[in-house]
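# An overview of the molecular structure
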Amino acid sequence: MARTSQSLSYKDIVGSIRKGDIAPVYILMGVEEYFIDSIVKLLEERVVESADKDFNTFIFYGADADIETVANTSRQYPLMSERQLVILKEAQTLDRAKTQLEKLSPYIENPVQTTVLVIAFKGDELSASSRVIKAAGKGGGIVFQSARVKENNIGPYVKDYCEAAGVRIDSQAIAMLSELQGTELKKIFSEIDKIIVAGKGAIRNITRDHVCHYTGVNKEYNNFELTSALAVKNYAKAMEIVEFFSKNPRQNSPMKSISLLFSFYSKLVIAGCLKDKSDTAIMTALNARSEYSIREIKAAMKFYSLRQSVACISLIRDFDCQSKGIGSMRNEFDLFRELMFKLVSI
């Protein structure tokens, strides 16, 4: 059977390649491009020795590739080398891509053991019932589904990436990058690279201030400052931030703020339900890595009871519905201003 992502994670595959346990075929597919690109890059580094790459590494790009040529190249034997590497990048850009890839099924089912064939298919997945995936199962290939990382699991990947780059990053900086770029690791890591390069080696620990400075986010008026203001029911500061947002609605839509506010009050509910409200207990319950990362939750617990925190979540849900035209046709910033008042007055 093919070793799928259900049995082999990204780390499993990378670990196997580094140990020299390399499969004859890799089908890498899915929406998270970072994992696909990283595996492809590692295979480029490890499969063929540097001195032999010119003669034994073949890279095709989907839009210009001919599937028959890819298959025939894969059937060749390496020239004075233990293995050859054949990579089909951007396979999703092939004309009628999924149909074209089926033509590789006979080869994938019975691959040449001195060839490593890699198919990088981004943004979508091939059906488990397709001939090419079934062929990988019979031929000892690896099929990896590169799914988007869930928001609450991004931290370890970002920390590992920064550690490999020789820097550290705090939880607030990770949260801000996640808010700016979503959960797409490739975009988050691109921003981290920009910060490292711009810092010219002087930055050893990336903070929220660094993210603000190098990504153009206003240091005083952003969703994290809004959360900080609401945590202590500072209505004046919250409204000041909302008014700033309203002057540039395309970049500061309330809908971008809501997910962060929902996450904050959800954590506040979890903390409020704990019998043991020590820092250690709260950190454990919220999967936080430091006392610094729970400081706003601790501050908010002095201003919101458990009942009030639950009510805040209900208010946020009401806003979400009304801003989408359910039960209200009011401007979303008018609704957002009203939400600020309700959250601090509850």
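Before reading on, note that the structure itself is shown above.
This write-up is about the structure you can find in this document. What you are looking at is a predicted structure, and each value in this text was computed from that prediction instead of being measured.

## Some details on the overall build of the chain
In terms of regular secondary structure, the chain is built from 18 helices and 7 strands. Overall, the chain is about 75 × 45 × 40 Å in size when its C-alpha atoms are taken along their principal axes. Counting only residues that meet the buried cut, the chain has 46% of its 346 residues in that class. Considering only contacts within the chain whose residues lie at least 6 apart along the sequence, 74% involve residues at least 24 apart.

## Quick notes on unusual backbone geometry
A positive phi angle, near 50°, is found at Lys-200, a position not held by glycine. Within the secondary structure, Lys-200 sits in the loop between helix H10 (185–199) and strand S7 (205–206). For Lys-200, a relative accessible area of 76% corresponds to the exposed category. Of note in the backbone geometry, Lys-233 takes a positive phi value of approximately 55° without being a glycine. Position of Lys-233 among the secondary structure elements: in the loop between helix H12 (223–231) and helix H13 (235–246).

## Things to note about H12
For the α-helix, the turn length of 3.6 residues means that residues three or four positions removed from each other point alike. Judged by how many residues are buried, H12 sits mostly within the fold: 8 of 9 residues are covered. Buried residues of H12: Asn-223, Phe-224, Leu-226, Thr-227, Ser-228, Ala-229, Leu-230 and Ala-231, and no others. Buried-residue contacts for H12 involve helix H9 (171–181), helix H11 (208–215), H13, helix H14 (254–273), helix H16 (295–300) and helix H18 (332–345). The distance from a side-chain oxygen at the start of H12 to the backbone nitrogen of Phe-224 is 2.9 Å, and the residue carrying that oxygen is Asn-222. Where H12 ends, the next residue or the one after it, Lys-233, has phi of about 55°, a positive value.

## Remarks on the packing of H13 against H18
Here H13 crosses H18 at 165°, and the two axes come no closer than 10 Å. As judged from the angle between their axes, H13 and H18 are roughly antiparallel. Where H13 crosses over H18, the two elements pack in a sense that is right-handed. Here Tyr-235, Ala-238, Met-239, Val-242, Glu-243, Phe-245 and Ser-246 of H13 lie close against H18, whose contacting residues are Phe-333, Phe-336, Arg-337, Met-340, Phe-341 and Val-344. When its residues are assigned to classes, the contact of H13 with H18 shows 10 nonpolar, 1 polar and 2 charged.

## A closer look at the state of the cysteines
Tallying each qualifying case throughout the model produces 0 disulfides. This cysteine, Cys-162, is not joined by any disulfide, and Cys-212 carries the nearest cysteine sulfur, 16 Å off.

## What to know about the sheet that holds strand S3 (residues 84–89)
Ordered by their spatial adjacency, 5 strands build an open sheet running S2-S3-S4-S1-S5, and the pairing between neighbours is parallel. Strands at the two margins of the open sheet, each flanked by one partner only, are strand S2 (57–61) and strand S5 (142–146). Going across the sheet, the axis of each strand differs from the next one's by a mean of 10°, ignoring polarity. Sheet topology places S2 next to S3; 5 bridges connect them, and they run parallel. Across the sheet, Phe-58 pairs through a bridge with Val-86, a residue of S3. Along the sheet, helix H4 (residues 67–75) contacts S2, S3 and strand S4 (115–122); its crossing angle with S3, the most-contacted strand, is approximately 160°.

What counts, and at which threshold
Numbers given to residues run from 1 along each chain, matching the order in which its sequence is written. Two thresholds apply to this predicted model, a pLDDT of at least 70 for residue-level local features and 80 or more for giving and counting side-chain atom pairs, whereas whole-chain, interface and lining totals are computed over all residues. Hydrogens and waters are ignored; side-chain quantities use all the structure's heavy atoms. Strands are runs of DSSP state E lasting at least two residues, helices are runs of H or I lasting at least four, and both sets are numbered from the N terminus onward. Each residue's exposure class comes from its accessible area (1.4 Å probe, protein chains only) as a fraction of the maximum for that residue type: buried when under 20%, exposed when over 50%, partly exposed otherwise. By definition in these notes, contact holds between two residues if any of their heavy atoms fall within 4.5 Å. Here a polar contact is recorded for every N or O atom pair within 3.5 Å, except that within protein the pair must consist of a potential hydrogen donor and a potential acceptor, and residues adjacent in sequence are included only if both atoms are side-chain atoms. Every axis in this analysis is a line fitted to C-alpha atoms, fitted for helices over the stretch in contact. Angles between the N-to-C directions lie between 0 and 180 degrees. For classification purposes, an angle smaller than 35 degrees is called roughly parallel, one larger than 145 roughly antiparallel, one from 65 to 115 roughly perpendicular, and anything else oblique. Left-handed is the label given to a crossing in which the near helix is rotated counterclockwise from the far helix by less than a right angle, and right-handed is the label when the rotation is clockwise. Residue polarity follows a fixed list, in which Ala, Val, Leu, Ile, Met, Phe, Trp, Tyr, Cys and Pro are nonpolar, Asp, Glu, Lys and Arg are charged, and the others, Gly among them, are polar. Throughout, disulfides are identified as pairs of cysteine sulfur atoms within 2.5 Å of each other. A strand pair is defined by DSSP finding two or more bridges across the two strands.

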